[in-house]
Amino acid sequence: MPSDIETLERRCPRLGSSVTFGYCEQCGENALPCTKVFDCWWEYFNVTEYLKGRLSEEAFATLAQSPPKPKVNSILELIQQAKNR
C-alpha cells in the first residue's frame, strides 16, 4: 500500500508530464531514486530525511553525490527502459 508521500504528484522536468513521488523514488539506476529527487521534491516535504530513513547509508551517499545526467542522456535511457518493458 503506497504511503501518502508516494502518491504526491508534480510535473517532472525530465519527462514533461505529471509523475508521483513513488515513480521518482525508483526510476533511477538500480531502482534507486532519480538524481533530481532532491531538487524536485524539497518544497513538498523533507525529502532528505525521508530518503535517509528508506535507503542504506551507502545508497543515500551515492544518490546525494550524483550529479543529474544531461537531459538527452536521461531521455535516451527512458526510451531504452520503455523498450525493455
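Use the structure listed above.
Residues numbered from 1 in each chain as written. Predicted model: local features only at pLDDT ≥ 70, side-chain atom pairs only at ≥ 80, totals over all residues. Heavy atoms only, no water.

> Describe the packing of aromatic side chains, naming the residues involved and giving the relevant values.
Centre distance and the angle of the planes are the two values used to describe a pair of aromatic rings. Considering all chains together, one arrives at 7 aromatic pairs under this definition. Ring centres 5.3 Å apart and planes at 85° place the aromatic pair F21 and W41 in the edge-to-face group. Of the two residues, F21 sits in helix α1 (residues 21-24) while W41 sits in helix α2 (residues 37-41), which places them 20 residues apart along the sequence. Take F21 and W41: they sit in the same class, and that class is buried. On the numbers, 6.3 Å between centres and 50° between planes, the contact of W41 with F45 is tilted. Aromatic ring contacts, followed pair by pair, group F21, W41, Y44, F45 and Y50 into a single cluster. (Phe/Tyr/Trp six-rings, centres within 6.5 Å; stacked < 30°, edge-to-face > 60°. Helix = DSSP H or I, 4+ residues; strand = E, 2+ residues; numbered from the N terminus. Buried < 20%, exposed > 50% of the residue type's maximum accessible area, 1.4 Å probe, protein only.)

> An account of the nonpolar core is requested, with residue identities and associated values reported.
Formed by 16 residues in total, the largest nonpolar core has its most connected members in F21, V37, F38, W41, V47 and L51. Taken together, the elements giving at least two residues each to this core come down to α1, α2, α3 (47-54) and α4 (57-65). Element by element, the count of residues in this core is highest for α2, at 4 residues. Other than its neighbours up to four places away in sequence, F38 contacts V47, T48, L51, F60, L63 and A64. (Core = buried A, V, L, I, M, F, W, Y, C linked by side-chain atoms within 4.5 Å. Contact = heavy atoms within 4.5 Å.)

> Requested: an account of a nonpolar patch on the surface, with residues and values cited.
On the surface, V72, I75, L76 and I79 cluster together into a nonpolar patch covering about 350 Å² of accessible area. Among the secondary structure elements, V72 is positioned in helix α5 (residues 71-84). You can call V72 exposed: its relative accessible area is 55%. (Patch = residues over 30% accessible without salt bridge, like charges linked within 9 Å, V, L, I, M, F, W, Y side chains within 5 Å. Areas by Shrake-Rupley, 256 points an atom, 1.4 Å probe, with all protein chains shown as cover. Salt bridge = Lys/Arg side-chain N within 4 Å of Asp/Glu carboxyl O.)

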